[in-house]
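# Descriptive analysis of the structure
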Amino acid sequence: MNLRTSVVILGVAGLLAFLTWGLISAGDSGLTVGDPVPVATLPTLPEGGEASLADFKGDWVLLNVWASWCGPCRFESPALEQFERENRDRLKVLGVDTRDLSEDAMKFIREYDITYAQIRDGNGDYADDLKTTGVPESFLVDPDGNLVAHYPGAFNDIESIEKFAAPALEATAAAGDEAK
Amino acid sequence: MKRLPGLLALLAVALVALTFPATSSAAEPQASLPQLEDEVMCPICGTLLGLSRSPAAERQRVFIRAMIRDGADEEEIKDALVAEYGPQVLALPDDEGINLYAYLVPILGFILGGLAVVWAVVRMRRNRKKDPPAGKPGPGPPSSESERLDADLARYDL
């Protein structure tokens, strides 16, 4: 085998290795249950402060990633707000508005009378850290900050949210019973 | 050799003109949606805004149109978009890490290209020096050939 052939073979092998690495990296999607959920300190909505998932340590959290331009986010919002009002003593809901205009996001919050905490992820970096595949997407986070469940897509109704958040609702109910 | 300084000066002017084209226009560019669509990214699609029809892109267009209506210039609109979506919204690579090459490689290309032109000109001049000076003919054909050529030419003499 002459030098030229060796160089060509090495080049092709290198290219194949590079493409394989790309495919493997692309396949690395989604957080795994039990993993710590990434945290990021981001501006709040309405503007004026900063907040992070880490601020909710010790509580169960339903982290909901949304955007005002997203139709399914509009669809699930009333149910999510109702769920939060009915269960706010058992878990916190934290909204993450991603890749959105702040004015549009505020209109959305007012339109659906959303009362739970919101943080703004304008550049989408936090959504990327969470490895979301779109919006809306929800994550159930335990009091230690670890992922318990993941729900890509919109909740159909309040029952589907209760089903998703069942581990949190059951754990807090059990803790309440023990306290009595 | 007299032409070399002129060529070098021309090359320098061309390089400066290509490297700093924006400095020649003092006036602030008039903002327009089609132009900005080619200069900013859609926040969710990973493409230029002009190539996207996603709902997020449509909201971005509404935002830009409103700013143009309010009299904002291109830089003000870009600043506002960066405040909303972060610097990634600009269709320009970062000037950090590997993205820095996007800026360095063209500059290096210009420099290397300029050096190559200078080198080629100098080499050409040197080669010309080696050639016999004009007006001093070479050895020419042998005398027998010359005589034959003269005879041939004489036949066509009218």
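Cut-offs applied
Residues numbered from 1 in each chain as written. Chains lettered and ligands numbered in written order. Predicted model: local features only at pLDDT ≥ 70, side-chain atom pairs only at ≥ 80, totals over all residues. Helix = DSSP H or I, 4+ residues; strand = E, 2+ residues; numbered from the N terminus. Buried ≥ 20, exposed ≤ 12 C-beta atoms within 10 Å, placed from the backbone. Contact = placed C-beta atoms within 7 Å. Nonpolar A, V, L, I, M, F, W, Y, C, P; charged D, E, K, R; others polar. Pairing = 2+ DSSP bridges. Right-handed = clockwise from strand over helix to strand, strands pointing away. Expected span 1.5 Å × (residues − 1). Axes fitted to C-alpha atoms, helices over the stretch in contact; angles between N-to-C directions. pLDDT = per-residue confidence, 0-100.

## Focus on the overall build of chain A
- Counting its regular elements, chain A contains 6 helices and 7 strands.
- When the helices and strands of chain A are listed from N to C terminus, the series reads α-β-β-β-α-β-α-β-α-β-β-α-α.
- Put simply, chain A has 180 residues, and 34% of those count as buried.
- The long-range fraction of contacts in chain A, counting pairs at least 24 apart against all pairs at least 6 apart in sequence, stands at 73%.

## Focus: the overall build of chain B
- Looking only at helices and strands, one finds 6 helices and 0 strands in chain B.
- Listing every helix and strand of chain B by position from the N terminus yields α-α-α-α-α-α.
- Contacts spanning at least 24 positions in sequence make up 51% of the contacts within chain B whose residues lie at least 6 apart.

## Topic: the interface of chain A and chain B
- Counting from both sides, the interface comprises 9 residues of chain A and, opposite them, 10 residues of chain B.
- By residue class, the composition of the side of chain A that touches chain B is 3 nonpolar, 4 polar and 2 charged.

## Side note on the pairing of strand S4 (residues 92–98) of chain A
Residues and elements named next belong to chain A.
- Counting buried residues in S4 gives 7 out of 7 residues, a clear majority hidden from the surface.
- Residues Lys92, Leu94, Val96 and Thr98 of S4 are buried on one face, and the alternating residues Val93, Gly95 and Asp97, pointing to the opposite face, are buried as well.
- Strand direction decides the pairing type here: strand S3 (residues 61–66) and S4, joined by 6 bridges, are parallel. Bridging across to S4, Leu62 finds its partner in Val93.
- At this point the chain moves from S3, through helix H2 (residues 71–87), to the parallel S4, and the crossover so formed is right-handed.
- In this sheet, strand S5 (residues 117–121) lies alongside S4 in parallel orientation, the contact comprising 5 bridges. Along S5, the bridge assignment pairs Gly95 with Gln118.
- Crossover S4 to S5 through helix H3 (residues 102–111) is right-handed.

## Points about helix H4 (residues 74–85) of chain B
- Across its 12 residues, H4(B) extends 16 Å between first and last C-alpha, which sits within 8% of the 16 Å expected from 1.5 Å per residue.
- Summarising the contacts, the buried residues of H4(B) are in contact with H3 of chain A together with helix H2 (33–37) and helix H3 (55–69) of chain B.
- Just beyond H4(B), the residue with positive phi is B:Gly86, at close to 90°.

## A closer look at the sheet that holds S4(A)
Residue and element names in this part refer to chain A.
- Here we have 5 strands laid out as an open sheet, ordered S5-S4-S3-S6-S7, and mixed in their pairing. The sheet terminates laterally at S5 and strand S7 (147–152), the two strands that pair on one side only. Sheet twist, expressed as the mean angle between neighbouring strand axes with direction ignored, is 20°.
- Pairing analysis gives 5 bridges linking strand S6 (residues 137–141) to S7, with the strands arranged antiparallel. Across the sheet, Phe139 pairs through a bridge with His150, a residue of S7.

## What to know about the confidence of the model for chain B
All names here are of chain B.
- Confidence in the prediction for chain B averages 83 pLDDT; 76% of positions are at 70 or higher.
- Segment residues 21–26: pLDDT under 50, and 0 contacts once partners within four positions in sequence are set aside and those in other chains are kept.
- We note a pTM of 0.70 for the whole complex and an ipTM of 0.81 for its interfaces.

## Description of the environment of B:Pro43
- Along the polypeptide, B:Pro43 turns up in the loop between H2 and H3.
- Taking the C-alpha atoms as reference points, B:Pro43 and B:Ser54, 11 residues apart in sequence, are found 9.7 Å from one another.
- In this structure, B:Pro43 is in contact with A:Arg99, A:Gly124, B:Ala56, B:Gln60, B:Tyr85 and B:Val89, ignoring residues within four places of it in sequence.

## A few points about unusual backbone geometry
Residues and elements named next belong to chain A.
- Residue Pro46 is bonded to the preceding Leu45 through a cis peptide linkage, with omega at -5°.
- Its location among the elements puts Pro46 in the loop between strand S1 (42–43) and strand S2 (50–51).
- Residue Val135 is joined to Pro136 through a cis peptide bond whose omega torsion reads -5°.
- One can find Pro136 in the loop between helix H4 (125–129) and S6.
- Located in the positive-phi region is Asp113, a residue other than glycine, with phi close to 50°.
- Among the structural elements, Asp113 can be located in the loop between H3 and S5.
- Of note, Lys131 is a non-glycine position whose phi angle comes to about 55°, a positive value.
- Position of Lys131 among the secondary structure elements: in the loop between H4 and S6.

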